[in-house]
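# Structure at a glance
Residues per chain are reported as follows:
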Amino acid sequence: VGQVPPAELASRFWAHGMEVLGITAGIAVYFVGLLAGSGGIGEEVERGSAAFLLTRPRSRGYFVWSFWLTGSLQVLAFTLTAMLSSYLVLFYYIRRPGPWGFLLLAPVLTITGLLGIGLVYLLTTASRRTKNGVAGGVAFTVLYLVLGYVTYVLHNRHSIGFHLPT
């Protein structure tokens with residue numbers, strides 16, 4: 001800290017910082033999406049207040065979409081906070097403004113969080129308990145990552161290369 005690095009070195013720092021942000025913030029936003037999804041309609045079903053809510057002069061879709069919108073806004077706020085804080089930290093250390101491609105991570109991270117919300121909503125509705133929805137979401141995620149890793153390792157270990165004569 002103190003000296004301004006050359007432009008080529010600064011672009012490498014920004015690229016590495018964006019990779020780290022994409023991985024860590026992606027995982028964090030996904031789990032925030034899981035937690036935001038647990039506060040939705042499944043919580044009302046578990047407490048027994050869903051029957052009361054559905055007797056009000058509002059449609060069922062109103063309650064489902066209002067809970068979903070609330071969770072989505074929470075995920076969006078967390079994503080923007082993660083992006084802004086990461087940008088400020090990288091700018092402080094590198095002392096040069098970053099590329100605009102940095103902003104393209106925000107929609108990807110937001111969609112990741114929305115997938116977490118949708119997964120927990122689905123599992124909570126199916127199991128009728130919030131805890132089962134979150135546990136199922138975490139179990140699904142771990143299983144997906146393990147299968148992806150095993151597939152990657154098997155693909156790289158048993159890859160066959162063809163060498164065509166030139």
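Just above sits the structure.
For the structure given in this document, a descriptive report is provided here. Everything numeric in this text was worked out from a predicted model, so none of it was measured.

## Comments concerning the packing of helix H1 (residues 7–38) against helix H6 (residues 130–157)
It is at 9 Å that the axes of H1 and H6 come closest, and there the two elements cross at 160 degrees. As summarised for this structure, H1 and H6 are arranged roughly antiparallel, according to the angle between their axes. H6 is crossed by H1, and the crossing has right-handed handedness. Between H1, through Tyr30, Phe31, Leu34 and Ser38, and H6, the contact on the second element is made entirely by Thr130, Val134, Gly137, Val138 and Thr141.

## Some points on the nonpolar core
One finds Leu21, Met83 and Phe102 to be the most contacted residues of the largest nonpolar core, which totals 19 residues. Mapped onto this core, the elements with two or more residues apiece are H1, helix H4 (60–94) and helix H5 (105–127). Looking at this core, the element that brings in the most residues is H4, giving seven residues. Non-local contacts of Met83, meaning those with residues more than four positions away in its chain, are made with Leu21, Phe102, Leu103, Leu105, Ala106 and Leu109. Grouped together as the second largest cluster of nonpolar side chains are five residues, Leu34, Leu119, Val120 and Val134 included.

What counts and what doesn't
Residues numbered from 1 in each chain as written. Predicted model: local features only at pLDDT ≥ 70, side-chain atom pairs only at ≥ 80, totals over all residues. Heavy atoms only, no water. Axes fitted to C-alpha atoms, helices over the stretch in contact; angles between N-to-C directions. Helix = DSSP H or I, 4+ residues; strand = E, 2+ residues; numbered from the N terminus. Parallel < 35°, antiparallel > 145°, perpendicular 65-115°, else oblique. Left-handed = near helix turned anticlockwise from the far one by under 90°. Contact = heavy atoms within 4.5 Å. Core = buried A, V, L, I, M, F, W, Y, C linked by side-chain atoms within 4.5 Å. Buried < 20%, exposed > 50% of the residue type's maximum accessible area, 1.4 Å probe, protein only.

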